[in-house]
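# Close look at the chain arrangement
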Amino acid sequence: MPSEASADAVHASRRPATRSVVSEVVADCLADIGRIAREYLLEVQEIDDYAGSLVADQDLEETAVASMELLLRLVGDLPIPDRLAGLSEALGHRRAQQGLPLESLLRAVRMDFRVLWNAMLEKVPPEFLPDFTKDAVRVWEAVEFHTIRVHAGYLNELATMAQEKETRRAFLLSGLLNSDGKDPQLLSQAARALGVKPESSFIVAVAAGHAQKAFRAGVLRAGVEQFLHERDGALVLILEDVPARAGREPEGKRAWLAPLDCFVAPPARSLAGVPLMLRIALESLPVADRPGLHTVRDAWGPVAATRLGEYGTVLADMVLGPLAAISVHEKDRLIETVRAYLRSGSVSETAGELYCHRNTVLNRLARFGELTSFDPANPQDAATVIAALHVHFPLGK
């Protein structure tokens, strides 16, 4: 039986021999790399996602050869030429651009280990096979080195593509919203970027100031955050109003919008109508900054008063100026009563709102008509009084 010292000597003598065998096997595999790559390709082509993908056959073949060479050089501790230095990351970038699913890509890359290891075993002399199998970890480490960098390249490219897509999306959306909605090419491009049908109807809603945080949260809960945009200091939701599926609440109702503080424009009948509805919504922002959901029905007054400008000032003075002749207390009572009456058109409801007798309401309306010569019960006079009140009391103050 050999001594412990002689056993160590034998083991020591084998180590350089084993390393030499690894080098020889790597050299033999490099010389036979075309065949090894072809065997690898046969297995890769069995992966479903590769069939029918944008990855061309020539790309697959060239990548297989280059990847095998890179791995063999890593296993054999050989110099890595410049043409192979960035191979792994570049492969990840390219496959991401080609739309290959990451799971399929990593599955293909990890197959390198089995194909390469089997090819190397075929080159090992039988007497060195037991020791050589201990070097399997070197092949695994090389494949993992390659895999990690392919993965990183893929994710980096996805992030770049996402950023570029968002930039293009924002550019096209901005172009659409600044347009008159009559450019067919712009409409088509914007529809593709937004992932909508240009002939669909759209909901346009805006939130500003204090309401933005709750509005964003509501949009997130509804799962439509991809349709949320920022513009002119406001949060803007441009939502395709697609038909409801059978058995579901009609999506056009958008019940989740009801409790949010925002302004909702009239539906845009197509993507071409969105720019106009957004302009309407943005012009209504002062109203949208108050609690509740607002529409054109309750926002038109303040908007109209702003648009009237100096004409509105003259109109308000003509209608309400004569009230300066009475006491402030009486003036306030008359205006309070007129505003309440114009909201409902009902003497009884006005009396209930103001906690007074209906005759009191009638007397105040008559007094207002006597002083101003505008009868709130007359439709034409009422419209003029409403406009004057909006000018005199901005945002219903």
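For the structure itself, look to the data block above.
A few points on the structure. Values in this document were obtained by computation on a predicted structure and should not be read as measured data. (Residues numbered from 1 in each chain as written. Predicted model: local features only at pLDDT ≥ 70, side-chain atom pairs only at ≥ 80, totals over all residues. Heavy atoms only, no water.)

### Thoughts on the packing of aromatic side chains
Taken as a whole and judged by the stated rule, the model has 3 aromatic pairs. Between Phe 113 and Trp 140, the ring centres sit 5.4 Å apart and the planes meet at 85 degrees, which makes this aromatic pair edge-to-face. Note that Phe 113 is positioned in helix H6 (residues 102–123) and Trp 140 in helix H8 (residues 136–177), a separation of 27 residues in sequence. Through a chain of ring-to-ring contacts, the aromatic side chains of Phe 113, Trp 117, Phe 132 and Trp 140 assemble into a single cluster. The ring centre of Phe 145 lies 3.7 Å from the NZ or CZ of Arg 149, which sits over that ring. Its end group placed over the ring of Phe 393, Arg 339 keeps NZ or CZ at 4.7 Å from the ring centre. (Phe/Tyr/Trp six-rings, centres within 6.5 Å; stacked < 30°, edge-to-face > 60°. Helix = DSSP H or I, 4+ residues; strand = E, 2+ residues; numbered from the N terminus. Lys NZ or Arg CZ within 6 Å of the ring centre and 35° of its normal.)

### Thoughts on the side chain of Thr 372
Along the polypeptide, Thr 372 turns up in helix H17 (residues 358–372). A polar atom in the side chain of Thr 372 sits 3.1 Å from the backbone nitrogen of Phe 374. (Polar contact = N/O pair within 3.5 Å; in protein donor to acceptor, adjacent residues only side chain to side chain.)

### Quick word on the layout of surface pockets
Here the idea is plain: a probe the size of a water molecule rolls over the atoms and shows the empty space left. Considered as a void within the structure, the second largest pocket measures approximately 170 Å³ in volume. Taken together, the elements giving at least two residues each to the lining of the second largest pocket come down to H8 and strand S2 (228–231). The element contributing the most residues to the lining of the second largest pocket is H8, with 6 residues. Along the lines of polarity and charge, the residues of the lining of the second largest pocket split into 4 nonpolar, 3 polar and 5 charged. (1 Å grid on protein atoms, 1.4 Å probe; cavity = no way out; pocket = protein on both sides within 12 Å on 5 of 7 lines; lining within 4 Å. Points joined across faces, edges and corners; volume = space filled by probe spheres on them. Nonpolar A, V, L, I, M, F, W, Y, C, P; charged D, E, K, R; others polar.)

### What to know about a negative patch on the surface
Taken together, the side chains of Glu 46, Asp 48, Asp 49 and Glu 103 make up a negatively charged region of the molecular surface. In this structure, Glu 46 sits in the loop between helix H2 (33–44) and helix H3 (57–75). (Patch = residues over 30% accessible without salt bridge, like charges linked within 9 Å, V, L, I, M, F, W, Y side chains within 5 Å. Areas by Shrake-Rupley, 256 points an atom, 1.4 Å probe, with all protein chains shown as cover. Salt bridge = Lys/Arg side-chain N within 4 Å of Asp/Glu carboxyl O. Lys, Arg positive; Asp, Glu negative; His and termini not counted. Charge placed at Lys NZ, Arg CZ, Asp CG, Glu CD.)

### Focus: the pattern of salt bridges
Summed over all chains, the structure comprises 16 salt bridges. The shortest N-O distance in the salt bridge between Glu 69 and Arg 73 comes to 3.1 Å. One end of the pair, Glu 69, and the other, Arg 73, are both in helix H3, 4 residues apart, so they sit about a helical turn from each other. Assessed through its relative accessible area of 11%, Glu 69 is described here as buried. Among the charged side chains, a network of salt bridges with common partners joins Asp 32, Arg 35, Glu 39, Glu 122 and Lys 123. (Buried < 20%, exposed > 50% of the residue type's maximum accessible area, 1.4 Å probe, protein only.)

### Quick look at the packing of helix H15 (residues 328–344) against helix H16 (residues 347–354)
Two elements in contact, H15 and H16, have axes whose closest approach is 9 Å; the angle formed by their N-to-C orientations is 130 degrees. Regarding the angle of H15 to H16, the classification is oblique. The hand of the H15/H16 crossing is right-handed. Together, Glu 336, Thr 337, Ala 340, Tyr 341, Arg 343 and Ser 344 of H15 and Val 347, Glu 349, Thr 350, Glu 353 and Leu 354 of H16 make up the contact between the two elements. Across the contact of H15 with H16, the residue classes break down as 4 nonpolar, 3 polar and 4 charged. (Axes fitted to C-alpha atoms, helices over the stretch in contact; angles between N-to-C directions. Parallel < 35°, antiparallel > 145°, perpendicular 65-115°, else oblique. Left-handed = near helix turned anticlockwise from the far one by under 90°. Contact = heavy atoms within 4.5 Å.)

### A few points about empty space enclosed by the protein
Under the defined criterion, the tally for this structure stands at 1 cavity of 30 Å³ or more. Estimates place the volume of the largest cavity at around 120 Å³. For the largest cavity, the lining is made up of 14 residues, of which Tyr 40, Tyr 50, Thr 63, Leu 91 and Arg 95 are closest to its centre. Considered class by class, the residues forming the lining of the largest cavity number 9 nonpolar, 3 polar and 2 charged.

### What to know about the nonpolar core
One finds Val 206, Phe 215, Leu 237, Leu 257, Leu 271 and Val 274 to be the most contacted residues of the largest nonpolar core, which totals 43 residues. Those elements that provide at least two residues to this core are H8, helix H9 (184–194), strand S1 (202–207), helix H10 (212–222), strand S3 (234–240), strand S4 (262–264), helix H11 (274–283) and helix H12 (285–288). Leu 271 has contacts with Leu 176, Leu 187, Ala 190, Ala 191, Pro 198, Ser 200 and Phe 202, leaving out every residue within four places of it along the chain. In terms of nonpolar packing, the next biggest core, distinct from the first, is built from 40 residues, Ile 47, Tyr 50, Ala 96 and Ala 136 among them. (Core = buried A, V, L, I, M, F, W, Y, C linked by side-chain atoms within 4.5 Å.)

### With respect to the sheet that holds S2
Spatial strand order, S2-S3-S1-S4-S5: 5 strands in an open sheet with mixed pairing. Because the sheet does not close on itself, it has two edges, and the strands there are S2 and strand S5 (293–294). Relative to S5, S4 is paired through 2 bridges, and the arrangement is parallel. Bridge assignment links Cys 262 to a residue of S5, and that residue is Leu 293. (Pairing = 2+ DSSP bridges.)

### Some words on unusual backbone geometry
Backbone phi values are negative for most residues with the exception of glycine, while trans is the configuration of most peptide bonds. For Asp 232, which is not glycine, the phi torsion reads 50 degrees and is therefore positive. Note on Asp 232: relative accessible area 61%, which makes it exposed. The backbone of Ser 373 sits at a positive phi, close to 70 degrees, despite the residue not being glycine. Tracing the backbone shows Ser 373 in the loop between H17 and helix H18 (379–392). Residue classification places Ser 373 among the exposed residues on the basis of a relative accessible area of 58%.

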